[in-house]
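Next come the chains, spelled out residue by residue.
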Amino acid sequence: MKNLTFSITFLITITGCFAQKNTDKPKLDAYKALTEAAAQYTYLSTTVAPGQYPKTWHDDKQKAENSDSGWWCSGFYPGTLLYLAEAEGVPALKQEALAFLEDLKKEQYNTTTHDLGFMMYCSFGNAERLNPKKEYEDVLMQSAKSLITRYNPVAKCIKSWDSAPWNHASADEMPVIIDNMMNLELLFWASKHSGDPVYRDIAINHANTTMKNHFRADYSSYHEVVYNIHTGKVTKQITNQGAADNSSWARGQAWGLYGYVVMYRETKDVKYLEQAKHIAQYILHYPTMPKDLIPYWDYQAPGVPNALRDSSAAAITASALVELGGYVDTKLTDEYWSAAETILTTLTSPEYFAKKGTNGGFLLKHGVGNMPNKTEIDTPLSYGDYYLVEALMRYEKILL
Ligand code: GLY
């Protein structure tokens, strides 16, 4: 009770400071944005059927691009629907999500990708959180079992992609990308649910190895690190989706930030909190970061200030910053929540937030999927939408 009273007093105090200092900013109406998002996703749901996962929209051809359940993004559409059904109380959105889960559940046996965290935890994880039941728990446990088949105990990390010439890893090597930090939340859930520490231990080892080898002294990160599978030694520090091997790809920085916030939440080990704070410092104070805090697609993208921004990196960052703001002292809370508010105000402005019935039914415009591959450039992305909705819901809660 004492703790609860303290927490409430603390929250009211910092929320008061936060509100006072930001009166000069355009007001963010998270409630309105979520209502509009639910209307847009109701429209999006009329354009797809289970098995056709919204991937992106080609505005020039007025054409949708969907995927099957094996694409790394398949969990985001049902996950976003579940968030919106929760926020807005729209039963039809929940029904639509459940129909997609029925198709998605076969991926629990997929051992060919590290993306099972994204695919299954953003979808079934939310379904289980809202309505705990054995059916969802079994899917999540099997997904965690499939994911840890990719763990290499010598390198002490989970293989992201199977080795191939395109990812510069030979048969004796394994590539690990910073994005993989996002798949660890599923493993923490699995240990809590089953009582078996193996999943949590693997997540901790992976996070520690990543902290050691993916980050430079300034807390920017390599996108891809390649390990020798027999010795565990690092053989390459390169990029796949960034501007250069030694640049910092904006979404990679966002995945790293979010990942270490989750690590702190799950372990309460302050080294992860410090890591998250350092990454946040890099993101928020990078010299060419625009005032609206929507990053260029790479912090060292050629052509800045005319380079493209990545709305998805901004949405992931905003969601992570709202959570991180709950773990730090009042000065930093104010900085992180204020930054999240700035990002969300921009992302819900007409420049980024689509009007109902436009943008192929997606919420956010101006995402950058894979610039070097020349795919999904300046376009909507299902994960941009997912983390935007999550960030708005988290933001609503801190202002309650
Ligand atoms: N995980 C792939 C990406 O962020 O584009």
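Everything below is about the structure printed above this text.
Below is a summary of the structure that appears in this document. (Residues numbered from 1 in each chain as written. Predicted model: local features only at pLDDT ≥ 70, side-chain atom pairs only at ≥ 80, totals over all residues. Heavy atoms only, no water.)

1. Quick look at the side chain of Glu-185
No. 1: Within the secondary structure layout, Glu-185 lies in helix H7 (residues 184-194).
No. 2: Classification of Glu-185 by relative accessible area gives buried; the value is 17%.
No. 3: Within the structure, the side chain of Glu-185 is placed 2.9 Å from the side chain of Arg-265, a separation counted as a polar contact.
No. 4: Sequence-distant contacts of Glu-185, that is, excluding residues within four places in its chain, are made with Tyr-121, Tyr-258, Val-262 and Arg-265. (Helix = DSSP H or I, 4+ residues; strand = E, 2+ residues; numbered from the N terminus. Buried < 20%, exposed > 50% of the residue type's maximum accessible area, 1.4 Å probe, protein only. Polar contact = N/O pair within 3.5 Å; in protein donor to acceptor, adjacent residues only side chain to side chain. Contact = heavy atoms within 4.5 Å.)

2. Here's the deal with the pairing of strand S8 (residues 367-370)
No. 1: Direction of pairing for S8 relative to strand S9 (residues 375-379): antiparallel, over a ladder of 3 bridges. Residue pairing for S9: Asn-370 is matched across the bridge by Thr-375.
No. 2: Connecting the antiparallel pair S8 and S9 is a turn made up of 4 residues, with Lys-374 showing a positive phi of about 60°. (Pairing = 2+ DSSP bridges.)

3. Observations regarding the environment of Trp-71
No. 1: Along the polypeptide, Trp-71 turns up in the loop between strand S2 (63-67) and helix H3 (76-88).
No. 2: Judged by relative accessible area, Trp-71 falls into the partly exposed class, the value being 29%.
No. 3: Between the alpha carbons of Trp-71 and Asp-115 there is a distance of 8.8 Å; along the sequence they are 44 residues apart.
No. 4: The residues touching Trp-71, leaving out its near neighbours within four places in the chain, are Lys-55, Met-119 and Glu-376.

4. Remarks on the sheet that holds strand S7 (residues 234-238)
No. 1: Ordered by their spatial adjacency, 3 strands build an open sheet running S5-S6-S7, and the pairing between neighbours is antiparallel. Edge positions in the sheet fall to strand S5 (173-177) and S7, since each of these pairs with one other strand and no more. Direction aside, the axes of adjacent strands within the sheet are offset by 20° on average.
No. 2: For S5 and strand S6 (residues 224-228), the ladder comprises 5 bridges, and the chain directions are antiparallel. By the bridge assignment for S6, Glu-173 is matched with Asn-228.
No. 3: Against the sheet, helix H8 (residues 198-213) makes contact with S5, S6 and S7, and its axis sits at roughly 110° relative to S6, the strand it touches most. (Axes fitted to C-alpha atoms, helices over the stretch in contact; angles between N-to-C directions.)

5. Re the packing of helix H5 (residues 116-130) against H7
No. 1: Where H5 meets H7, the closest approach of the two axes is 8 Å, and the angle between their N-to-C directions is 50°. Looking at the two axes, H5 sits oblique to H7. Two packed elements cross with a definite hand, and for H5 against H7 that hand is left-handed. Listed contacts from H7 to Leu-116, Gly-117, Tyr-121 and Glu-128 of H5 are Glu-185, Leu-186 and Trp-189.
No. 2: Of the residues that constitute the contact of H5 with H7, the class distribution is 4 nonpolar, 1 polar and 2 charged. (Parallel < 35°, antiparallel > 145°, perpendicular 65-115°, else oblique. Left-handed = near helix turned anticlockwise from the far one by under 90°. Nonpolar A, V, L, I, M, F, W, Y, C, P; charged D, E, K, R; others polar.)

6. Some words on the site of the ligand
No. 1: Around the ligand, the surrounding shell consists of Trp-72, Asp-179, Gln-241, Trp-249, Arg-251 and Trp-255.
No. 2: Within the side chain of Arg-251, one N or O atom sits 2.5 Å away from an oxygen atom of the ligand.
No. 3: Contact distances for the ligand include 2.9 Å between an oxygen atom and a side-chain N or O atom of Trp-255.
No. 4: Across the complex, the protein chains shield 92% of the 200 Å² of accessible surface that the ligand would expose by itself.
No. 5: The class makeup of the residues in the shell around the ligand is 3 nonpolar, 1 polar and 2 charged. (Near = heavy atom within 4 Å. Areas by Shrake-Rupley, 256 points an atom, 1.4 Å probe, with all protein chains shown as cover.)

7. Things to note about the pairing of S2
No. 1: Relative to S2, strand S1 (residues 53-58) is paired through 5 bridges, and the arrangement is antiparallel. Along S2, the bridge assignment pairs Tyr-53 with Ser-67.

8. So, the pattern of salt bridges
When the charged atoms of two side chains lie near each other, side chains of opposite charge can form a pair.
No. 1: Considering all chains together, one arrives at 20 salt bridges under this definition.
No. 2: When the shortest N-O distance is used, the salt bridge between Arg-394 and Glu-323 registers 3.4 Å. Residue Arg-394 is located in helix H13 (residues 382-398), and its partner Glu-323 is located in helix H11 (residues 311-325); the two are separated by 71 residues in the primary sequence.
No. 3: Residue classification places Glu-323 among the buried residues on the basis of a relative accessible area of 12%.
No. 4: Within this structure, Glu-185, Lys-192, Arg-265, Glu-266, Glu-323, Glu-390 and Arg-394 form a network of salt bridges that share partners. (Salt bridge = Lys/Arg side-chain N within 4 Å of Asp/Glu carboxyl O.)

The values are spatial; any link to function lies outside them.
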